[in-house]
Amino acid sequence: MSQEVAIVGIGYTSFRPLTPEVSYKELVYEAAVKAYEDAGLDPRSDVDSIVSVAEDFTEGTSIFDEYVPDQLGGMLKPNVTIPGDGIHGLATAYMQIASGIVDVVAVEAHSKASNVLTLPRITAYAMDPVLNRPLRANPVFIAGMEMNRYLYTSGATREHCALVVAKNKRNALLNPAAAFGAALEPDQALDSEMVAYPLSVVDISPHADGAIVVVLASAEVAQSLTDVPIWIRGIGWCNDSPSLENRAWGRAIYAEEAGRMAYRTAGIRNAMDEIDLAEIDDAYSYKELQHLEALGFCEYGRGGFLTADGVTEIEGALPVNASGGSIGGGHLLDASGLRAVVEVALQLRGEAGAHQIPGVETGLAFGWRGVPSTSGAAVILSS
Amino acid sequence: MTVKIDKFPGVYLHESDFEQGRVLYNTWDPQAQYAWDAGIAIGRYLSELKQGHLVGVRCNQCRRTVVPPRAFCEWCFRPMDDWVNLPDTGTVNTFSLCYVTWDMQYLTEPQIPAVIDIDGTRPSVGIMHLLGDVDPKKVHIGMRVQAVWKPEEERTGSILDIRHFKPV
Ligand SMILES: [Zn+2]
């Protein structure tokens, strides 16, 4: 791409089911302090601009951008809050730097899902108020319907999905920040309680609280700050039509297009050959398989077989969600995509700890905004 | 311009058209409920209010003393240094006489929201509250006021533990 932009600072809290001891501002402040320390920057003098992602409905506060600056050191600076995935925020920050208007941008995303007492009702608010909402069904049914059609058309099985659950929960045991690590056998996953057939309770990533801040800088600034800048090589995002009536239930076309844009901007021709690891949305177990295929790592319908062959294990040819993803780490609402970015960046720096994959140079992070959306964003990072 | 028009073009709709189903529409009642974690700074603020105390925090770098308290100084981007007991007196920084309730009912006696700069803050900063026990015509910027606390057994750890501020 035209102007080089790199990740120079990473900060995040641990991800936990409940965080009663801190307000969301204090949670974000922790991540921000860590990110600025990591970057070696003073936010009050060195950061030019702030990009955050947040959804008013999940915050419980209208015009939420008003509440963003303090905890990021962003007072009296350019601030913008996007109701999108963390990777949409990253793309916006990337563009601010690539366009030359600023040199250093902090990107923030957080989840205080535990504070939303009626989260399924808030999610239901994303459905069409005239055509869909009057049915008064918990929006998890959308994932059930999507999984059902996906299994029907792709040839993947519930057993394949159970392998994803077991893998990601086991990977999370190696990640101290992850909330829901477990030594779960695929058989146990298969036997778990049904929520929205064919989706069972362990196929659904449980929500967690947490905050993430990533600092981006222009090439010149990045090279002056760190020996290990993580370059944004390509980025892409896409929305399909929202219609529940007319969408392609078996395929994640938004992910295909977001990936295509990211690969085009990064100059990547063969994802499997050129990408060493992937952190991709696994809000539901089948989503990892669907997204794996949509992002071009294998043919449609092959994701489950790839998983069964161990290709996506930490020791495999393409580790997927070595961090534990959302199933093992906890779903962070719109911060989930930025967590994926953090994990890829840590891996490329060689700082992923017990789940470090040796010798990785290029990784992909992909975020999806959850049901009922067809909104995805992808980024390619290289050391 | 509109005064020259007797009748606008188009079809006029009346409330009865909606009531009698001649115009179709959908309604939806939101179910949005939250329980925000107060956290370190506001948590202590609320528990001190329950005790009948007003507390702020001080930053030793910019030397500000502010209320409501916060865990970190947004100017210096560092943790606040000390908790500070503040008096429950202050000065009206600004106010309004508000003749509509927040659910849009008309009021003959206005609500009087005000920012009260609390004594002992530096530079003087205020908390948002209501004025009471006062003739609206006599309220003025610079008026000295004091908190009227709820009785201890009625306090819950809320800014409503102060009923309002009244002139002193
Ligand atoms: Zn200060």
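For every chain, the first residue of its written sequence is number 1, and the numbers climb from 1 along that sequence. Naming scheme: in the order in which they are written, chains are lettered from A and ligands are numbered from 1. For a predicted model such as this one, the threshold for reporting local features is a pLDDT of at least 70, and the threshold for listing and counting side-chain atom pairs is 80 or more; totals across whole chains, interfaces and linings nevertheless cover every residue. The basis for every side-chain value is the complete set of non-hydrogen atoms in the structure, without hydrogens or water.

**Considering the sheet that holds strand 11 (residues 144–149) of chain B**
Sheet strands line up and pair through hydrogen bonds in the backbone, either parallel or antiparallel.
All names here are of chain B.
Link 1 in the chain: Pairing in this open sheet of 5 strands is antiparallel, and the strands run 10-9-6-11-12 from one edge to the other. Looking along the sheet, the strands with just one partner apiece sit at the ends: strand 10 (126–130) and strand 12 (162–167). The sheet shows a mean angle of 45° between the axes of neighbouring strands, taken without regard to direction.
Link 2 in the chain: Where strand 6 (residues 89–95) lies against strand 9 (residues 113–118), 5 bridges are found, and the strand directions are antiparallel. Paired with F95 across the bridge in strand 9 is A114. When DSSP locates at least two bridges between a pair of strands, those strands are taken to pair. Numbering goes from the N terminus for both helices and strands, where a helix is a DSSP run of H or I of at least four residues and a strand is a run of E of at least two. Interaxial angle, 0 to 180 degrees, is taken between N-to-C directions of lines fitted to C-alpha atoms, where a helix line uses only the stretch in contact.

**Things to note about empty space enclosed by the protein**
All names here are of chain A.
Link 1 in the chain: Grid points spaced at 1 Å over the protein atoms alone were grouped into cavities, where a 1.4 Å probe fits but cannot get out, and pockets, open sets with protein on both sides within 12 Å along at least five of seven lines, with lining residues defined by an atom within 4 Å of a point. Grid points are joined across faces, edges and corners, and a volume is the space filled by probe spheres set on the points. Scanning the model with the defined rule gives 4 cavities of 30 Å³ or more in all.
Link 2 in the chain: Put simply, the parts of the chain that give the lining of the largest cavity at least two residues each are strand 9 (277–280), helix 14 (325–329), helix 15 (336–349) and strand 10 (362–368).
Link 3 in the chain: Among the elements that make up the lining of the largest cavity, the one with the highest residue count is helix 15 (4 residues).
Link 4 in the chain: Under this grouping Gly is polar, as are all residues other than the nonpolar Ala, Val, Leu, Ile, Met, Phe, Trp, Tyr, Cys and Pro and the charged Asp, Glu, Lys and Arg. For the lining of the largest cavity, the class distribution of residues is 4 nonpolar, 7 polar and 5 charged.

**Focus: the environment of L173 of chain A**
Residues and elements named next belong to chain A.
Link 1 in the chain: The topology assignment puts L173 in the loop between helix 7 (158–172) and helix 8 (186–190).
Link 2 in the chain: Residues L173 and G267 lie 94 residues apart in sequence; the distance between their C-alpha atoms is 35 Å.
Link 3 in the chain: Those residues in contact with L173 that lie beyond four places of it in its chain are G181, A182 and A183. Between two residues, a contact is recorded if the distance between any of their heavy atoms is within 4.5 Å.

**Some thoughts on the packing of helix 7 of chain A against helix 12 (residues 285–294) of chain A**
Residues and elements named next belong to chain A.
Link 1 in the chain: Running from N to C, helix 7 and helix 12 point in directions that differ by 100°, and their axes come no closer than 8 Å. What the angle tells us is that helix 7 and helix 12 run roughly perpendicular. Across the interface between the two elements, H160, C161, V164, V165, K167 and N168 from helix 7 touch S285, Y286, E288 and L289 from helix 12.
Link 2 in the chain: Of the residues assigned to the contact of helix 7 with helix 12, the class counts are 5 nonpolar, 3 polar and 2 charged. Orientation is classified from the angle alone, with under 35 degrees giving roughly parallel, over 145 giving roughly antiparallel, 65 to 115 giving roughly perpendicular, and any other angle giving oblique.

**Points about the packing of helix 6 (residues 140–154) of chain A against helix 12 of chain A**
All names here are of chain A.
Link 1 in the chain: Orientation of helix 6 relative to helix 12, taken along the N-to-C sense of each, is 55°, at an axis distance of 10 Å. Between helix 6 and helix 12, the angle is such that the two are oblique. Of the two elements, helix 6 crosses helix 12, and the hand of that crossing is left-handed. Contacts between helix 6 and helix 12 pair A143, E146, M147 and Y150 from the former with Y286, K287, L289, Q290 and E293 from the latter. Left-handed describes a crossing whose near helix is turned anticlockwise from the far helix through less than a right angle; right-handed describes the clockwise counterpart.

**Some thoughts on helix 6 of chain A**
Residues and elements named next belong to chain A.
Link 1 in the chain: Between the first and last C-alpha of helix 6 there are 21 Å, a value that for 15 residues agrees with the 21 Å anticipated at 1.5 Å per step.
Link 2 in the chain: Burial in helix 6 covers these residues: V140, I142, A143, G144, E146, M147, Y150, L151 and S154.
Link 3 in the chain: Check the buried side of helix 6 and you find it contacts helix 7, strand 5 (194–196), strand 6 (199–200) and helix 12.
Link 4 in the chain: Remark: G155 follows helix 6 within two positions and exhibits a positive phi of approximately 90°. Expected span of a helix: the number of residues minus one, times 1.5 Å. A 1.4 Å probe rolled over the protein chains alone gives each residue an accessible area, and that area as a share of the maximum for its type sets the label: buried under 20%, exposed over 50%, partly exposed in between.

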